[in-house]
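Listed below, chain by chain, are the residues.
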Amino acid sequence: MKLIIAIIQPTKLEAVKEALTQVDVHRLTVLDCQGFGRQKGQSGNYRGTEFSVNLLRKVQLQIAVNEEFVNPTIEAILSGGRSGDAGEIGDGKIFVLPMDDCIRIRTGETGSEAI
């Protein structure tokens, strides 16, 4: 079992959800988050005053999957979350973490059956 955490652009959420549905991944958690990487925020003008925004709005997806769904899930996130063919700075990151256990609260099932 793995926990896949993906940080993506908010505008790519629907495309990623659609791509995940096509590979039979139907369970995910979505969180609003902020951060920056190589793009180091943005600057702009507001009423003649320049300002900078150090943290950019992103969306975090958390998806618990069994081993056979790891690669299809990653490929779906890549295809739905990438800007254009080559991608752009700020498209996001995917982290794959080992998951020791999963427990379904309603039934008490554990392990891969609980996912």
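Every chain's residues receive numbers from 1 upward, in the order its sequence appears when written. In keeping with the model being predicted, local features are shown solely for residues with a pLDDT of at least 70 and side-chain atom pairs are shown and tallied solely at 80 or more, while totals for entire chains, interfaces and linings include all residues. Hydrogens and water molecules were not included; the side-chain quantities draw on all heavy atoms of the structure.

Undergrad: Would you mind going over the environment of N66 in detail, with residue names and values included?
TA: A helix here means a DSSP run of H or I that spans at least four residues, while a strand means a run of E at least two residues long, and both kinds are numbered starting from the N terminus. Looking at where N66 falls in the secondary structure, it is placed in the loop between β5 (56–65) and α2 (70–81). As a C-alpha pair, N66 and I115 span 49 residues in sequence and 7.4 Å in three-dimensional space. Contact definition: two residues touch when any of their heavy atoms are within 4.5 Å. Beyond its immediate sequence surroundings of up to four residues, N66 is in contact with M1, S112 and I115.

Undergrad: Quick rundown of helix α1 (residues 13–22)? Include the residues and the values.
TA: Along α1, the positions that sit buried rather than exposed are L13, V16, A19 and L20. Along the axis of α1, the buried positions cluster into a sector of 130°, meaning they face one direction only. For α1, the exposed residues set more than 90 degrees away from the buried face come down to E14, E18 and Q22. Structurally, α1 contributes buried residues whose contacts are with β1 (2–8), β2 (29–35), β5 and α2. Just past α1, the residue D24 takes up positive phi, approximately 65°. Three exposure classes are used, based on accessible area relative to the maximum for each residue type with a 1.4 Å probe and protein chains only: buried under 20%, partly exposed in between, and exposed over 50%. What the arc measures is the spread of directions leading from the helix axis to the C-beta atoms.

Undergrad: Could you give an account of the nonpolar core, naming the residues involved and the relevant values?
TA: Nonpolar cores are built from buried Ala, Val, Leu, Ile, Met, Phe, Trp, Tyr and Cys residues. Side-chain atoms within 4.5 Å join them into one set. Formed by 16 residues in total, the largest nonpolar core has its most connected members in I8, V16, L20, L61, I63 and I77. Among the nonpolar cores identified, the runner-up in size contains five residues, and M1, M99, C102 and A114 belong to it.

Undergrad: Describe the environment of V96, naming the residues involved and giving the relevant values.
TA: Among the secondary structure elements, V96 is positioned in strand β6 (residues 92–98). The class for V96 is partly exposed, based on a relative accessible area of 38%. Spatially, the C-alpha atoms of V96 and I4 are 4.6 Å apart, while their sequence positions differ by 92 residues. The residues touching V96, leaving out its near neighbours within four places in the chain, are K2, L3, I4, V70 and I74.

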